[in-house]
Each structure stands twice: as structure tokens, then as C-alpha cells.
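What the coordinates show
These are the residues of each chain, in order.
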Amino acid sequence: MLIVQKYGGSSVATPEQILSVVQRVARTHSEGNSIVVVVSAMGDTTDNLIDLVRKVTANPDDREMDVLLSTGEQVAISLLAMALKEIDKPVISLTGPQAGIFTDCGHTKAKILKIETQRLKNELKQGKIIIVAGFQGINRTNDITTLGRGGSDTTAVALAAALKAALCEIYTDVDGVYTTDPRIVPEAQKLKEVSYAEMLELASLGAAVLHPRSVELAMKYKIPLIVRSSFNQNPGTIVKEVNLMERSQAVTGVAYDHNVAKIGIFNVLDKPGIAYRLFKSLSDQKVNVDMIIQSAMRNDRNDISFTCNQADVRKAIEVIQAQLSELGADGFISDEKVAKVSIVGAGMVSNPGVAALMFEALCEEGINLEMISTSEIKISCIIRSEDTHKAVTALHKKFDLSAAN
Ligand code: ADP
Ligand code: ASP
Ligand code: MG
């Protein structure tokens, strides 16, 4: 059977850990499986490269950023391949471009467009273990691209889909997907299984254990994902299609995201076309807007607030400054000291009162809700960043998630 295994940065942080990954990969191969291994950069390599950039420029060029950041994964694949050769395993390492991973031109957050599998299939036919650099590809102008932070998960799932692998295993530093981040809430419970839809929400709302686009792809191509630890043999969590019709528990997990900024624009004219022009300009500048709130009208004026990623704040401010007089606005504020906490669960639809319980939990901690947004299977609140741990812990307790499973 063909298996794709992905090892995250924390699983290959040291030479010793690389040797332990070698043992696992070799065992899977010896059991008669074909295997494609995707690796991330060692430990904090990517963060360290970004720190280096900050020392030379405040305004890095996106193309050059990709040239730099893609080097981290290249170190990891070659070391892993050399170590596998050392124990006489047939193996070849390939960069994203060599593996045929073609992306769009969106430097630093490129999307995979297609994978040309000819080379991969040839190497597999020769019985080789293929080690592919995660998080990178090549665009139509032959430039190297990267897929956004955490993007190696997406490389793995995309390869699994393109090669029609039986499954995709994501090896990381936790035993699986938990009811919330176990680093914050030690009582968090490992989920035996979780649906694609819930996992997609959890990942999009900040649960770093999987890159959101990897879950999207797994859902689209029905690739079963197994999230497990590279440090032990525990069974992990299966992400798959789950029949959610009779889900008794309303909430499956709690997620949080610090990478949020809130922008408020005051006394905007209340007339047709204002919101359209503002949000069209933001989207033209590729600012990804998340929550939007327009206050009740008074004296033909509204306040409009929205959230976006912290990385987009500078661009958002430029757009607003350029439109201030057209919007008729008095001014604006941007605030990066906020966070988003969310509860996710397919059972919410059939369990009334979930929102009230969430607000009760946060109110009991004296936490102010600055923005709220809901969908069928999630409720998110913007709060002060410093309240995040308190909020996540309180929500986990209120919904009795330490008793899950
Ligand atoms: P890798 O380097 O393997 O890609 P990441 O740091 O990207 O690892 O993801 C694993 C981390 O995700 C865990 O150490 C954990 O702190 C965090 N995490 C956040 N939410 C969850 C969750 N619900 N379940 C498990 N881990 C989570
Ligand atoms: N090395 C990249 C990062 O740190 C990609 C990944 O780890 O998935 O974001
Ligand atoms: Mg990751």
C-alpha cells in the first residue's frame, strides 16, 4: 500500500530525532509499503530565517523570502535521505519543484495548482523511498514559492491525493488532535476521530496541529488523515468523514488564534455602496477580512469594524487612509492586542443554548466580548489577547470536554 508520512519541524529538530524518524520510515518500508515522506524544516529553522530577514530589511520582497524560506526544508530532506542510505535503504530526496509541485504565483502563500507525478511514480516503481521537501513548489515563471506557515501538511495531503495513497500520516509532537491545545489545557482529551468539517473549522480557527488547506484537500479527495506522535507508538486521531447526524455532544473542541487584528472605522456615512467600496479595495489589496460588524445607525453614520491577520494590518491601514474622506469617516483605530477564541462542534445545530453557555463561561471570568460571529458549527469571539488562556480553559470546562471520548 502507498503511504504518505509527514514529519513536522518538531519531529526532526535534532540529528537524534532524524535518526528516530529514519527507523520509523525504514520499518514502514520493510513491511512492504511504498512510501513518500514529506519533511518540514528542522525545529525553529523557519522562525530563525525570518529573524535573519528582520535584521536586513523591514520590507522583505516576497519572492526573495520564498528563496530563503525554502532552504530550511532542503536541509531536512537531504539529511534524512543520507541517514536512510546509511542503513542501505533505497531513497531519493526531492525539492518541491523536483517533485513536480506546481503552484500559483502568490509568493509566501502560494496555492498548489497541480502535481506532475511522472518522476514520483518512476522512483516509487524502482522501490525507492521518496523524501519530499514540504511547504514549497514552483510557479509558472520557474520561481520557487512557499505555501504559507505550516504548509508542509498541505504538501503531504496534496501528494497523497495526486498519487492516490491509501492514507496520509501526519507525525507531530502531540499524540493526535485534542479537544483543545494540550499546551494550554493539560486536561484536554485526545479525540479518537474527528470529521473533516470540524477539523477544517478547528484548523482555520487556529488549531495549529493541521494546516487548514491540508484538511480542505483531504476532505475534497477523501484522504483519511491520521495525526499521531513521532515520539511514541500511540494510535493518534483519524480525520475522516464521520456520520454526524446524531451527535449528542454540542461542542467538539476549542480553538484560539493570536494572529488577529481588529480595525474600527468611526462615523462612516450610511449610504449604499460604502461597504462595497471599502471591502472591495481591501480585497483588491489581498487583505483577508474575517469578521465584520456594522453598528446600529445614528445620525446617518455607522461604525464599521473588521478583523484580519496581523500581517495584513499595514495594507489595510493604507486602504482606509486612502478612502477616509470618501467614507466620510472621522478616523479609525487598529488594535493587535486581541485574540479570537472559538468553539467548534457539528452537534451545535441540534443543541440550543450553546452560544449562551459560551457567553456565560466568558462572563464568569470577567472577559469582555468585543466581536462575535457564528456559523452552523462554530461560534467565535474576539477578546483581549491577555485573556486567551483564561477563556480557553473556561470554555473547555464549561462544555465538559475533559470528559470527552
Ligand atoms: P509540527 O511541527 O509537527 O507541524 P505544529 O507545532 O505545527 O507541529 O503543530 C503541533 C502543535 O499544535 C502542538 O504542539 C499543539 O501545541 C498545537 N495544537 C493546537 N491546537 C491543538 C489541538 N486541538 N490538538 C493538538 N494540538 C494542538
Ligand atoms: N517550515 C515551515 C514553517 O515553519 C512549514 C511547516 O513547518 O509546515 O511554517
Ligand atoms: Mg505544523
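Reading the values: the criteria
- Residues numbered from 1 in each chain as written.
- Chains lettered and ligands numbered in written order.
- Predicted model: local features only at pLDDT ≥ 70, side-chain atom pairs only at ≥ 80, totals over all residues.
- Heavy atoms only, no water.
- Buried < 20%, exposed > 50% of the residue type's maximum accessible area, 1.4 Å probe, protein only.
- Helix = DSSP H or I, 4+ residues; strand = E, 2+ residues; numbered from the N terminus.
- Pairing = 2+ DSSP bridges.
- Near = heavy atom within 4 Å.
- Polar contact = N/O pair within 3.5 Å; in protein donor to acceptor, adjacent residues only side chain to side chain.
- Areas by Shrake-Rupley, 256 points an atom, 1.4 Å probe, with all protein chains shown as cover.
- Nonpolar A, V, L, I, M, F, W, Y, C, P; charged D, E, K, R; others polar.
- Phe/Tyr/Trp six-rings, centres within 6.5 Å; stacked < 30°, edge-to-face > 60°.
- Lys NZ or Arg CZ within 6 Å of the ring centre and 35° of its normal.

With that out of the way, let us pick up the pairing of strand E20 (residues 378–384). Counting buried positions along E20 yields six of seven residues, so the element is predominantly enclosed. In this sheet, E20 lies alongside strand E18 (residues 338–344) in antiparallel orientation, the contact comprising seven bridges. Bridge assignment links Val-338 to a residue of E20, and that residue is Arg-384. In this sheet, E20 lies alongside strand E19 (residues 371–375) in antiparallel orientation, the contact comprising five bridges. Across the sheet, residue Ser-373 finds its bridge partner in E20, namely Ser-380. Counted between consecutive antiparallel strands, the loop separating E19 from E20 contains two residues.

Attention now moves to the site of ligand 2. The environment of ligand 2 is formed by Ser-40, Ala-41, Thr-46, Glu-73, Phe-135, Arg-149, Gly-150, Gly-151 and Ser-152. Between Ser-40 and ligand 2, the recorded distance is 3.3 Å, taken from a side-chain N or O atom to an oxygen atom. With respect to ligand 2, the backbone of Ser-152 contributes an N or O atom lying 3.0 Å from an oxygen atom. About the coverage of ligand 2: the protein hides 86% of its 260 Å² of free accessible area. The residue inventory of the shell around ligand 2, partitioned by class, reads two nonpolar, five polar and two charged.

Moving on, we come to the site of ligand 1. With respect to spatial proximity, 18 residues lie near ligand 1, and among them Thr-172, Asp-173, Tyr-178, Asp-181 and Arg-183 are the closest. A distance of 2.7 Å separates an oxygen atom of ligand 1 from a polar side-chain atom of Arg-183. Starting from 570 Å² of accessible surface for ligand 1 in isolation, the protein chains cover 85%. A class-by-class count of the residues in the shell around ligand 1 yields eight nonpolar, six polar and four charged.

In the structure shown here, the tally under the stated rule is two aromatic pairs. Between the aromatic rings of Tyr-7 and Tyr-171, the centroid separation amounts to 4.8 Å while the plane-to-plane angle is 10 degrees, which identifies the pairing as stacked. Here Tyr-7, found in strand E1 (residues 2–7), pairs with Tyr-171, found in strand E9 (residues 167–172); they are 164 residues apart in sequence, far enough to count as distant. Owing to a relative accessible area of 0%, Tyr-7 belongs among the buried residues under this scheme. Taking the relative accessible area as the measure of exposure, Tyr-171 reaches 2% and is therefore buried. Relative to Phe-306, the ring of Phe-279 has its centre 5.6 Å away and its plane inclined at 75 degrees; by these criteria the two rings are edge-to-face. A residue pair is termed long-range when its members are at least 10 positions apart, and Phe-279 in helix H8 (residues 274–284) and Phe-306 in strand E16 (residues 301–308) qualify at 27 residues. Phe-306 carries the same exposure label as Phe-279, and that label is buried. Over the ring of Phe-102 we find Lys-114; its NZ or CZ atom is 5.1 Å from the centre of that ring.

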